[in-house]
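What follows is the residue order along each chain.
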Amino acid sequence: MAGFQVALGDLDQMAAAFSDEAGIYQGIRAKLDPPVADSGDGTLDQIMGAVLDTLNYLHGKMTESIDEHAAKLRTARDAYAKNETSLHGLYNDLMPEEW
């Protein structure tokens, strides 16, 4: 069952990478949220503000999505680990110690 060990390690690494990247992506949010420029037209300023607010919201949703993928990878890793333990125990229960 050594093949599962590699998969478990890979899932751990992927989950950590997604989690790290979610933090990095969230960290650049402030740099991508400039104040609305004054165009001299109040209506245009409102539209630009709405567009920037929407982009800011979408940035947050993307961060959440990346973090959710990290959580799903951790869940998958835990499920594989539990399954591996169960299969190993079943094998030990079914196979006699001496042939």
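Everything discussed here concerns the structure shown above.
Here goes a summary of the coordinates provided. It should be emphasised that the depicted structure is a prediction, and the values quoted were computed from it without experimental measurement. (Residues numbered from 1 in each chain as written. Predicted model: local features only at pLDDT ≥ 70, side-chain atom pairs only at ≥ 80, totals over all residues. Heavy atoms only, no water.)

### Some thoughts on the pattern of salt bridges
Phase 1 of the analysis: A full pass over the atoms with the stated rule returns two salt bridges.
Phase 2 of the analysis: Here Asp12 makes a salt bridge to Arg77, at a shortest N to O gap of 2.9 Å. A residue pair is termed long-range when its members are at least 10 positions apart, and Asp12 in helix α1 (residues 2–27) and Arg77 in helix α2 (residues 42–94) qualify at 65 residues.
Phase 3 of the analysis: Owing to a relative accessible area of 21%, Arg77 belongs among the partly exposed residues under this scheme.
Phase 4 of the analysis: In this structure, Glu64 engages Lys61 in a salt bridge whose closest nitrogen and oxygen atoms are separated by 3.2 Å. Here Glu64 pairs with Lys61, and both are found in helix α2, just three residues apart, close to one helical turn.
Phase 5 of the analysis: Take Glu64: its relative accessible area is 41%, and that puts it in the partly exposed class.
Phase 6 of the analysis: Overall, the relative accessible area of 36% leaves Lys61 in the partly exposed class. (Salt bridge = Lys/Arg side-chain N within 4 Å of Asp/Glu carboxyl O. Helix = DSSP H or I, 4+ residues; strand = E, 2+ residues; numbered from the N terminus. Buried < 20%, exposed > 50% of the residue type's maximum accessible area, 1.4 Å probe, protein only.)

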